[in-house]
Amino acid sequence: MLAKQRQQFILDEVRRLRGVRVSDLTALLGVSDMTVRRDLDVLARRGLIDKVHGGATPQQAQSSDEPGFEVKSAREQPEKAVIAAAAARLVAPGSAVAIAAGTTTWALARHLLDVPGLTIVTNSIQVANVFPADAGLGRTVILTGGVRTPSEALVGPVADLAIQSLHFDIVVLGCHGMDARAGLTTPNLAESETNRAFVRSARRVVVVADHTKWGTVGLSSFAALHEIDVLVTDPGLDQDARTTILEQVAQLIVATGEPHKATVG
């Protein structure tokens with residue numbers, strides 16, 4: 001088993017059991033204590049777990065904690081890749097598309113490079129930088145401006161006013177967390193208001209969120225589940241969560257990486 005596969009297994013066990021012992025992991029994986037401890041060090045540096053004496057527990061984040069872009073971009077990379085590819089297929093050529101800041105939306109942007117005639121509005125420098133200045137595809141890229149957050153979002157009155165004056169065929173948003181009662185949340189109050197502006201200005205709201213976001217609640221809510229037209233996630237989302245989501249969300253797409261095998265609810 002490769003190191004990345006081993007670390008993903010450990011992370012899944014930590015989240016499933018809410019805590020693991022080094023001794024149990026060595027038995028499950030058939031590796032040495034030192035190998036497991038190195039893997040735990042890697043996961044802890046990425047902000048994915050908390051190391052404790054003899055093992056590890058899930059990271060205990062506060063509702064106002066806001067991880068940086070680099071930290072978030074290292075998390076759940078395979079899941080984000082398949083989610084991004086599936087969500088990109090919802091963007092039609094020639095449409096006006098808003099792409100909110102986030103690491104999954106950033107991954108999605110790369111799948112739109114060959115889609116012609118798009119007008120793209122984003123509050124993410126990272127997303128804007130994905131698109132070359134002149135690609136000969138009749139594409140327009142608009143960066144909202146605003147105050148920069150630790151997660152590389154541009155937020156605040158400048159961003160909000162720019163978004164409120166526009167009308168989008170589709171908006172694609174990520175989130176810090178999603179919950180049956182709290183809806184979509186973020187730890188940043190200003191980003192929450194900017195995301196609300198995106199939701200209000202779009203005819204169709206698409207949310208991209210991997211399974212680890214379910215049950216996480218940030219400081220501020222910016223949309224209820226019933227405001228979402230399409231939620232694109234990965235197969236790690238459990239059946240109970242899917243059932244709860246489908247009671248409020250119009251369409252649930254579980255992306256697998258193979259278009260003909262995606263589950264659509």
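Residues numbered from 1 in each chain as written. Predicted model: local features only at pLDDT ≥ 70, side-chain atom pairs only at ≥ 80, totals over all residues. Heavy atoms only, no water.

J.: Can you help me understand the packing of aromatic side chains in this one?
T.: Centre-to-centre distance and the angle between the planes together describe a pair of aromatic rings. Under the criterion given, the structure shown has one aromatic pair. Between the aromatic rings of Phe168 and Phe198, the centroid separation amounts to 6.2 Å while the plane-to-plane angle is 45°, which identifies the pairing as tilted. Taken together, the residues span a long stretch of sequence, with Phe168 in the loop between α8 (157-164) and β9 (170-173) and Phe198 in helix α9 (residues 189-200) at a distance of 30 residues. Note on Phe168: relative accessible area 4%, which makes it buried. For Arg110, the ring lying beneath its charged end belongs to Trp106, and the centroid distance is 4.2 Å. (Phe/Tyr/Trp six-rings, centres within 6.5 Å; stacked < 30°, edge-to-face > 60°. Helix = DSSP H or I, 4+ residues; strand = E, 2+ residues; numbered from the N terminus. Buried < 20%, exposed > 50% of the residue type's maximum accessible area, 1.4 Å probe, protein only. Lys NZ or Arg CZ within 6 Å of the ring centre and 35° of its normal.)

J.: It is not clear to me how the packing of α8 against α9 should be interpreted in this structure. Could you clarify?
T.: α9 packs onto α8 with a crossing angle of 5° between their chain directions and a minimal axis gap of 9 Å. Relative to α9, the element α8 is oriented roughly parallel. Together, Ala159, Asp160, Ile163 and Gln164 of α8 and Glu193, Thr194, Ala197, Phe198 and Arg200 of α9 make up the contact between the two elements. Looking at the contact of α8 with α9 residue by residue, the class counts come to four nonpolar, two polar and three charged. (Axes fitted to C-alpha atoms, helices over the stretch in contact; angles between N-to-C directions. Parallel < 35°, antiparallel > 145°, perpendicular 65-115°, else oblique. Contact = heavy atoms within 4.5 Å. Nonpolar A, V, L, I, M, F, W, Y, C, P; charged D, E, K, R; others polar.)

J.: Sorry if this is basic, but what is going on with the nonpolar core here?
T.: Taken as a class, soluble globular proteins show a tendency for nonpolar side chains to be buried jointly. If you look at the biggest cluster of nonpolar residues, it comprises 28 residues, and the most contacted ones within it are Leu173, Leu184, Phe198 and Leu231. Among the secondary structure elements, those contributing two or more residues to this core are β9, α9, β12 (205-208), β13 (220-223), α10 (239-246) and β15 (251-254). Here this core gets three residues from one element, more than from any other, and that element is α9. When residues no more than four places from it in sequence are discounted, the contact partners of Leu173 are Ala100, Thr105, Asn195, Phe198, Val199, Val205, Val206, Val207, Val208 and Phe222. In this structure, Ile83, Ala88, Ala107 and Val206 belong to the second largest nonpolar core, which totals 27 residues. (Core = buried A, V, L, I, M, F, W, Y, C linked by side-chain atoms within 4.5 Å.)

J.: What's the story with α9 in this structure? I'm lost.
T.: One turn of the α-helix equals 3.6 residues, which is why residues spaced by three or four share an orientation. Its twelve residues place the ends of α9 17 Å apart at the C-alpha level, agreeing with the 16 Å of an ideal helix rising 1.5 Å per residue. The set of residues buried in α9 consists of Glu191, Ser192, Thr194, Asn195, Ala197, Phe198 and Val199. The N-cap of α9, judged by a side-chain oxygen 3.0 Å from the amide nitrogen of Ala190 a few residues on, is Asn188. (Expected span 1.5 Å × (residues − 1). Polar contact = N/O pair within 3.5 Å; in protein donor to acceptor, adjacent residues only side chain to side chain.)

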